[in-house]
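Summary of the model geometry
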Amino acid sequence: MNLTLEYHRSPVRYMTTRTATGTSVGGRASGWMAANLSPLRLLNRPEPRLPDAGWTRVRPRLSGICGSDLGLLTGRNSPYLSALISLPFTPGHEVVGDTLDDLPDLPRGSRVVLDPVLGCVPRGLEPCTGCAADQPSRCDHITAGRVSAGMQTGYCADTGGGWSRMFVAHASQLHRVPDTVDDERAVLVEPLACAIHTVRRVPIPDGASVLVVGAGTVGLFTTMALREYTKAGPIYVIARYGHQRERAREVGATEVLTSDRAARALRRATGGFLARPDRGSEYLLGGVDLAFDCTAGSGLDTALRVTRAGGTVVMSGMPNAGVDLTPLWFRELNLVGAYCSSGHDFPDALALAQSAPLTGYVDAVYPLSRWRDAIGHASAAGRLGSVKVAFDPTKDQ
Amino acid sequence: MSRPGFVLEVDERTPALLMHEGEGFRLEKLPLGSRVIYPPESLPGLRDLDAQIRHALANPLGREPLHELLRPGMRLTIVFDDLSIPLPPMRTPDIRQRIIEQVLELAAANGVDDVELIAGNALHRRMTPAELKRTVGERVFRSFFPHHLRNHDAEDKANLAEIGTTRHGEVVEINKRAAESDLIVYVNVSLTAMSGGPKSVSVGLASYRSLKHHHNVHTLRHSKSFNDPPNSAMHHSYNRMAGLLGDNLNIFQIETTLNNETFPDYVGFLNKREWEWNLKDQAAYLAFKRANDLAPPKHRRQIWHRTAAPYGVTSVTAGDPIQVHEVTTRHVLRQQLTEVDGPADVGIFGLPYICPYNVNSIMNPILVMSLGLGYFFNLYRGQPIVRPGGVAIYYHPVRNEFHPVHHPSYIDFFEEVLAETTDPVAIETKFEEQFATDPWYIHLYRNSYAYHGVHPLYMWYWGAHAMEHLGDVIFVGGNRKTTQRMGFRSASTLDDALEMARERVGSSPSINYLHAPPLTMADVR
Amino acid sequence: MGLIRDVKVLTGGRDWRGRSRTPRSAAAHEPPEPPREFPTGWARTQVAQAARRVLQRGVLTPLTWSQTRPEVQGRERLDALKGPVVFVANHSSHLDTPLILGSIPQHLGKRVAVGAAADYFFDARWRAAVTALVFNAFPVERHRSRRLRSLAPYLLAKGWSLLLFPEGTRSEDGWMSPLRLGAAHLCVTQGVPIVPIALRGTYAAMPRGRNWPVPGRARVVVRYGTPLHPAEGEGARAFNARVGESITQLWAEEDLGWYGSLRAQARGELALPRGQQFPAASWRRTWESTRPLVGRAPRRAWRS
């Protein structure tokens, strides 16, 4: 039997959490909501079936809790995504684990990290345009093929997910982890790959001024990737908590700001005028060349307001908040999305994981049986001084 | 008869003494033996003020009577001190209004058509129309606003004129209209010994280019104090500039001095010596203190800023700026000077709710610093009331709040510059240029009601002398974070503060408390 | 909580009336004590007058008349007089004022204000208030120490008659002391007549130091003299002398009879009864002045 945390269909719970976390009071208690009201349950399921040759069972060593997972549990995620998943499924797409079946080039027992995208190759389909261009994150066939609908492992009923003792993965999704990378670093490879993918989505001129909104995992890794793969000039990071500020500086931020005074500080740093509308927050006429929103949408408004005319705003992380798009129109901004990873991002992320200062990023590891604590902790990670919270399913008896 | 100022020595008979702390006050029991410097009691104001003004204009010092200087076809510019003085603002009618009305009366009688009124606000924020109206009066305002009653704009390059360069290489650049006038009439209120005289035109109408020659760390560190012009490097610079102006311009100076009636009758206890408080004063103290402490901060500020001082005018003098200013300074000192026998290890200052730059506004941490380490610390002649290396203890809550319209550059200065350094010289070299030329600040200074971008730096320089002189600065009741950001310390009570000061001054330090406001200037021997 | 703390700090070092001691170093800088004037205007309002009438006629006069046997003489001399006038009497007892107020003829008595020593009657507020209400008293400076502007001219101008005791204080031993110039000066400058009054037996009835008349209804005499008008060009000193003579004569009338006193005065035998016939500090001074007045039939004007 396979111990698994399962997300099941429960319209009542979904609507309850979604409505409650939409209010200001509920928003503060979203951790509690996610832990207690979300349609998640721990149960024993039969072991997953291998869909085809080329697949292997994977036993997770560590499985991270991602911001999009929390959005899912609190019902904040957009209903847009409901067509791209198949219920019930086991979440968990940031995984380091051991393979249990022999595959060509990948003997059983290999320590691997998972690239969760379920493109045409795992699905056994003719490549679509995106997959043909080696950009599986843009795959058009994520509802078709050998396994059920699901944009990634962790949203698909047939594959299972990282928050369990075992799931299945296609050989193309797995990357061997060198021995020099320990599990705590390896579990961060997936978000690192997304960050690398994000900074590669747009051309970044040398010396360009960049703003990273948010200093959670995504924000920190984006900053890291900017320093590693671009020649960006000053990088300003908006961080809320003390440890985030420290870490942001460590990974190369020029200056770390708080959100309430970001506009003023950026005005001072990049020039321009500060405008104060009758309602709503201040914005800049002038500002940074590029902004990365790494906050699941709440920072998008800030990003739009402090980017110079003609600049670019990149959305990393799943957006789940509405925003006033007037600056996009008025300042003629480019709004760019960045989803998952593709191409060389994963191997590069693996390389970066070896060198980057990632010690202490995974500082809270829970067994599956303590999932409510884990979810609660992850919801308040910033406040509690953590970056990444992960499950260790091997700890469960 | 008003009694002269004196130094009280705290003994066991002394009741708790009043201490201002921002928008509030408290009674504080000082350690035995502390010395408290009280100002002379308020001098009687002039009885028939209008007649006095008329007399001054008709019998100026070192000048022809004003009416002889006025003729048809001339260009007349009347410049007046802006809202940074007096503090708190005086009850209407303002003395400036009374004088300007009489000057205009004479100008009208002599057929002068081309008259402009300019507020000498230098790099201060522009005065709002309501503030202008309050200062010059309804009739003047109606006749001249908005085209001929204006604020000076130090960033309007087209309307600045360079007068020349002093022998020390200081560029003198002032308002063009004033520079091209046949006669400048300057209407002044001298609240402290630093203002008025050579400072009036050379500072009030100047540009940044000209101001930076005296508003800098070096000058201020050599102004000991800047309230004692003969010993103030800043005033030496003013004098050189004023000399140049005097050679090139025709300035008719009218100066006034005020007495110490700083607070209205209903808070009369603020003007009285504590052991002379009667039951009514004590009841008023309790009632006001309670009401004030309980009031929501916004209302509290409004109430404080709405009080106007019932000042009496103690002198009106007109004529040649230098001769007039001698008389004026004498009157100011007569009202404020108290002799003190030597400095002490610890100086205590209660900082009030207002300083020259937060009229109708918020006193932000930078302004607290400039009021405490700038204005109050420099209220001395001879030597400071604290010995070199001694400790200054201030009373102020030092809240981290800023007026977003009036003090935009202050916010950035506090958040960015002070986070990096508090050393005035380092700030001057690294940041002054940036702040002075930032186009947004300039835009807000010219078109909104903001202080000039460089102004917070000037405020910081203002305390440069004190920072060099003092061993430690402690704010009683001060917000820990904000005081720390500025390089100071905070204590919750006086006892704590003295405990903290112990490492510098020992366990039984001598203490001088400057009992102000009303303004007191210590003549320390 | 805050209030309690504030009160504690405020009241520390202050007495129950909120007074603090002056710190030693501030003693040299104390302000001169401001003249404190007890306001008496309220005591001359209609309401206070009505209350006073009730108090005087209902309590004060009956009480005085019940404890003494007053004999009032010469009242008819005031019949033709119109106020305001200044009543001037010798002063040796607290009985003096009630006796006079109780015996002044109606047409003048309605508006009489009494000059009372500011340093005694107006020292404590409660005493000042009672004195002002019951006697319509106003403060008079005896020692010229505080330089209060006297109310007297103002009251005269407002039509109030005044009762003044020009000796300045109650007699120590029942004899008179010289009359001060104040009253005479006032009348000369204001052109107001003086009514001299002599009181006899009041010292015996209630001497200094007693707070109730002696038992046994002592006889007292209130004798009004002929009103004196200041003559044209007469100085205060001369006028004061005339007033003194008049009181002297009224005093002597008790012993010598009316005509006898007139004769004695004409012969120059009368002088202000200061007890000069007795050596200073002699027991006989007090002995004589406390001798009870014997009720006698008035002497006949013409001796047989």
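Residues numbered from 1 in each chain as written. Chains lettered and ligands numbered in written order. Predicted model: local features only at pLDDT ≥ 70, side-chain atom pairs only at ≥ 80, totals over all residues.

**Regarding the interface of chain B and chain A**
In many reports, interface size means the accessible area that the parts give up when they come together. The line we're drawing: A residue pair is marked as a contact if its C-beta atoms, positioned from the backbone, fall within 7 Å. Only DSSP runs of H or I with at least four residues qualify as helices, and only runs of E with at least two residues qualify as strands; both kinds are numbered from the N terminus onward. We call Asp, Glu, Lys and Arg charged. Ala, Val, Leu, Ile, Met, Phe, Trp, Tyr, Cys and Pro are nonpolar, and the rest, Gly among them, are polar.
Chain B puts six residues into the contact, and the matching count from chain A is eight residues. If you list the elements that add at least two residues to the side of chain B that touches chain A, you get helix H15 (408-420) and helix H17 (439-447) of chain B. Among the elements that make up the side of chain B that touches chain A, the one with the highest residue count is H15 of chain B (four residues). For the side of chain B that touches chain A, the residue count by class is two nonpolar, one polar and three charged.

**Details of the interface of chain B and chain C**
Contact with chain B, which involves 22 residues of that partner, is made by 20 residues of chain C. Contributing elements (two or more residues each) for the side of chain B that touches chain C: strand E1 (6-9) and helix H11 (279-294) of chain B. The leading source of residues in the side of chain B that touches chain C is H11 of chain B, at seven residues. Broken down by class, the residue content of the side of chain B that touches chain C amounts to ten nonpolar, three polar and nine charged.

**Some thoughts on the packing of helix H14 (residues 365-376) of chain B against helix H18 (residues 455-462) of chain B**
Pairs of packed helices are described in terms of their axes, by the angle between the two and the distance that separates them. Residue and element names in this part refer to chain B. Where we set the bar: Every angle, taken between N-to-C directions, lies between 0 and 180 degrees, and every axis is a line fitted to C-alpha atoms, over only the stretch in contact when it is a helix. For classification purposes, an angle smaller than 35 degrees is called roughly parallel, one larger than 145 roughly antiparallel, one from 65 to 115 roughly perpendicular, and anything else oblique. Crossing handedness: left-handed means the near helix sits turned counterclockwise from the far one by under a right angle, and right-handed means the same turn made clockwise.
Interhelical geometry of H14 versus H18 gives an angle of 30 degrees and a closest axis separation of 8 Å. As judged from the angle between their axes, H14 and H18 are roughly parallel. Like other packed secondary-structure pairs, H14 and H18 cross with a definite hand, here left-handed. Contact with H14, carried on its side by Ile366, Leu367, Met369, Ser370 and Gly374, involves Pro456, Met459, Trp460 and Trp462 of H18 and no other residues of that element. Among the residues forming the contact of H14 with H18, the class breakdown is seven nonpolar, two polar and no charged.

**Remarks on the sheet that holds strand E15 (residues 334-338) of chain A**
All names here are of chain A. Put simply, the test is: Strand pairing requires that DSSP identify at least two bridges connecting the strands.
As summarised here, the arrangement of the six strands in space is E10-E9-E8-E13-E14-E15, forming an open sheet in which the pairing is parallel. At either margin of the open sheet sits one strand with a lone partner, and together these are strand E10 (255-257) and E15. Going from strand to strand, the sheet's axes swing by 20 degrees on average, the running direction of each strand aside. One ladder, built from five bridges, connects strand E13 (residues 288-293) with strand E14 (residues 307-316); its direction is parallel. In the strand pairing of E14, Ala291 is matched with Val313. Each of E13, E14 and E15 touches helix H8 (residues 189-200); the most contacted strand, E14, lies at about 155 degrees to it.

**Details of the arrangement of the chains**
For this structure, the chain pair with the highest number of contacts among two pairs of chains in contact is chains B and C. Across all C-alpha pairs, the smallest distance from chain A to chain C is 33 Å, and the two are not in contact.

**Description of helix H3 (residues 95-109) of chain B**
All names here are of chain B. Our working rule: The length a helix should cover is 1.5 Å for every residue beyond the first. Exposed residues have 12 or fewer other C-beta atoms within 10 Å of their own C-beta, buried residues have 20 or more, and partly exposed residues fall in between, where C-beta atoms are placed from the backbone.
In this model, H3 (15 residues) spans 21 Å end to end at C-alpha, consistent with the 21 Å of a helix rising 1.5 Å per residue. Of all the residues in H3, the buried ones are Ile95, Arg96, Gln97, Ile99, Ile100, Val103, Leu104, Leu106 and Ala107. Positive phi appears at Gly111, one or two residues downstream of H3, with a value of about 75 degrees.

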